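# Secondary and tertiary structure notes
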Amino acid sequence: MSPKQIAFMVAVFAISLLLVMRMIVHHRLREVYAVMWIIVVFTLPAAVLLYPWLSSVSVWVGIESPLNFAFFMGFVFLFFICLHFSALNSSTQRILKDTVQRLAIIESELDDLKSRLPEQGREAGAPDGAQPSDPTARS
Amino acid sequence: MDEAMTGASSQQDAAATQAQPQAAPGGGVLVIIPAYNEAANIARVVAGVAAALPGADVVVVNDGSSDDTAGEARRAGATVLTLNSNMGYGVALQTGYKFAARAGRYHRVVQMDGDGQHDPSNAASLLREMESGDADLVIGSRFTSAGNGYRVPLLRRCGISFFSGLVRLVTGREIRDVTSGLQAFNARVLDVYVSEDFPSYYPDADVLVLLLKCGLRVREAPARMHANGTGKSMHKGLWNNFYYIVTMLLSISVIILRERLKRFLSSKACA
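Described below are features of the structure shown in this document. Worth saying up front: this structure is predicted, and the values here are computed from it rather than measured.

## Observations concerning the environment of glutamine 117 of chain B
Mapping glutamine 117 of chain B onto the fold places it in the loop between β4 (106-111) and α5 (121-131). Sequence separation between glutamine 117 of chain B and histidine 226 of chain B is 109 residues; the distance between their C-alpha atoms is 4.6 Å.

The following block contains the structure:
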């Protein structure tokens, strides 16, 4: 690789690292993703420094150009990232749906219980069916 | 006012014990009505159900309406479950199913739309059809010979025919009205409806495929439907129709794939 290419890669690495660090500091990345993106950022200079190794691996898997091998690995990485976030999104949607449904049912049960409270109190002999300290007793 | 309504309904309960369909011993009937911005219709629908099925409990699932659907339904005597945002028809329905399952006292469940298109008197006839014994789910159909001649727009009728054909191809069963939202079913179907397998986008033909693949018995019965006066529809517009068709095809494909994988992995297709 030419010095120009190396300088460009170092600049991209530095900017990416700064961005990820900034997001970690401001709690905008969960720990698990923070670690993953730090690994991704360090992969960039690793690929530059280990260029001869990248060349031999690309020849070994039958890809003529090391850059094509790097692009292919990037594509594979993005494929798994998309798959992971699709699964995560599906799971989050299911959890959200279940929570909203549960909330609606529990709210309804709570309203039902509240409406029954005075009746139960009367059966138990309490005045107006509620505790004297109950702020909702006369509402 | 509520007490007066309660008193009146208990008298109606006693008077209608013989009129209502025979439920399993100790079991009740729950009518689930999903509703989104139906303040203008919901009270009439709830009152119609109370008149047709006096002994039944009615639950309206208010799907994040911006109008007073919840208040109108509550004043009409229904239990109201309010979703805090508009989650869609399927999620609203499943909330009602989960309410029924959690209550544990309903042996028959009826679902119908909140826009007044379904005639509440159909609910009783669907339950009677169920009591005849050989169905887990009875669909109120617009297309049986005894239907009331309700005219479905041509394009929608083509869509219904397409999915009806698909259901026949996949399950070997002919169901003409695969998109009817009027259904009565028992606890076996409820078990499937509250499971994770329930497709909560637009539960139509895909649900029928799911039930038939689970070995449940599905029948159709004639039902009267009224024209929708408001002109509102979930399937309005070219994009919505296209999205519905693609999603329904995907949903049916996933149900079949999941059923085959489950059968392959554990020789058990249903929960």
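Back to the write-up after that little detour.
## Here's the deal with the nonpolar core
Ranked by internal contacts, the top residues of the largest apolar core, which has 49 residues, are Leu137, Tyr193 and Leu211 of chain B. Among the nonpolar cores identified, the runner-up in size contains 30 residues, and Val29, Ile42, Val110 and Ala184 of chain B belong to it.

## Digging into the packing of aromatic side chains
Using the criterion set out here, one finds 16 aromatic pairs over all chains in the structure. Both rings, one in phenylalanine 13 of chain A and one in phenylalanine 42 of chain A, keep their centres 5.3 Å apart while their planes meet at 70 degrees; by these two values the pair is edge-to-face. Of the two residues, phenylalanine 13 of chain A sits in helix α1 (residues 3-25) while phenylalanine 42 of chain A sits in helix α2 (residues 31-49), which places them 29 residues apart along the sequence. For phenylalanine 13 of chain A, a relative accessible area of 17% corresponds to the buried category. On the basis of an interplanar angle of 80 degrees and a centroid distance of 5.2 Å, the ring pair of phenylalanine 79 of chain A and phenylalanine 80 of chain A is categorised as edge-to-face. Through pairs of rings, three or more aromatic residues link up here, namely Phe162, Phe163, Tyr201, Tyr202, Trp239, Phe242, Tyr243 and Tyr244 of chain B.

## Some remarks on the interface of chain A and chain B
The partner chain B presents 15 residues to the 13 residues of chain A that form the contact. For the chain A and chain B pair, buried surface summed over both sides reaches about 1,200 Å², with 56% attributable to carbon and sulfur atoms. By the criterion of area lost to chain B, the three top residues of chain A are Lys97, Gln101 and Ile105 of chain A, representing 42% of everything that side buries. In this assembly, chain A and chain B are joined by three salt bridges. Where glutamate 109 of chain A meets arginine 102 of chain B, a salt bridge forms, and the shortest distance between an N and an O atom there is 2.7 Å. At the junction of chain A and chain B, the tally comes to seven residue pairs in polar contact (both at pLDDT 80 or more). Its residues assigned to classes, the side of chain A that touches chain B comprises five nonpolar, two polar and six charged.

## So, the sheet that holds strand β1 (residues 28-35) of chain B
Residues and elements named next belong to chain B. Read from one edge to the other, the open sheet built from seven strands follows the order β3-β2-β1-β4-β6-β5-β7, with strand pairing classed as mixed. Both outer strands of the open sheet, β3 (79-83) and β7 (218-222), are each paired with one neighbouring strand and no more. Taken pair by pair, the neighbouring strands of this sheet meet at an average axis angle of 20 degrees, ignoring direction. Summarising the sheet, strand β2 (residues 57-63) and β3 pair through five bridges and their orientation is parallel.

What counts and what doesn't
Residues numbered from 1 in each chain as written. Chains lettered and ligands numbered in written order. Predicted model: local features only at pLDDT ≥ 70, side-chain atom pairs only at ≥ 80, totals over all residues. Heavy atoms only, no water. Helix = DSSP H or I, 4+ residues; strand = E, 2+ residues; numbered from the N terminus. Core = buried A, V, L, I, M, F, W, Y, C linked by side-chain atoms within 4.5 Å. Buried < 20%, exposed > 50% of the residue type's maximum accessible area, 1.4 Å probe, protein only. Phe/Tyr/Trp six-rings, centres within 6.5 Å; stacked < 30°, edge-to-face > 60°. Contact = heavy atoms within 4.5 Å. Buried area = accessible area lost by both parts, 1.4 Å probe. Salt bridge = Lys/Arg side-chain N within 4 Å of Asp/Glu carboxyl O. Polar contact = N/O pair within 3.5 Å; in protein donor to acceptor, adjacent residues only side chain to side chain. Nonpolar A, V, L, I, M, F, W, Y, C, P; charged D, E, K, R; others polar. Pairing = 2+ DSSP bridges. Axes fitted to C-alpha atoms, helices over the stretch in contact; angles between N-to-C directions.

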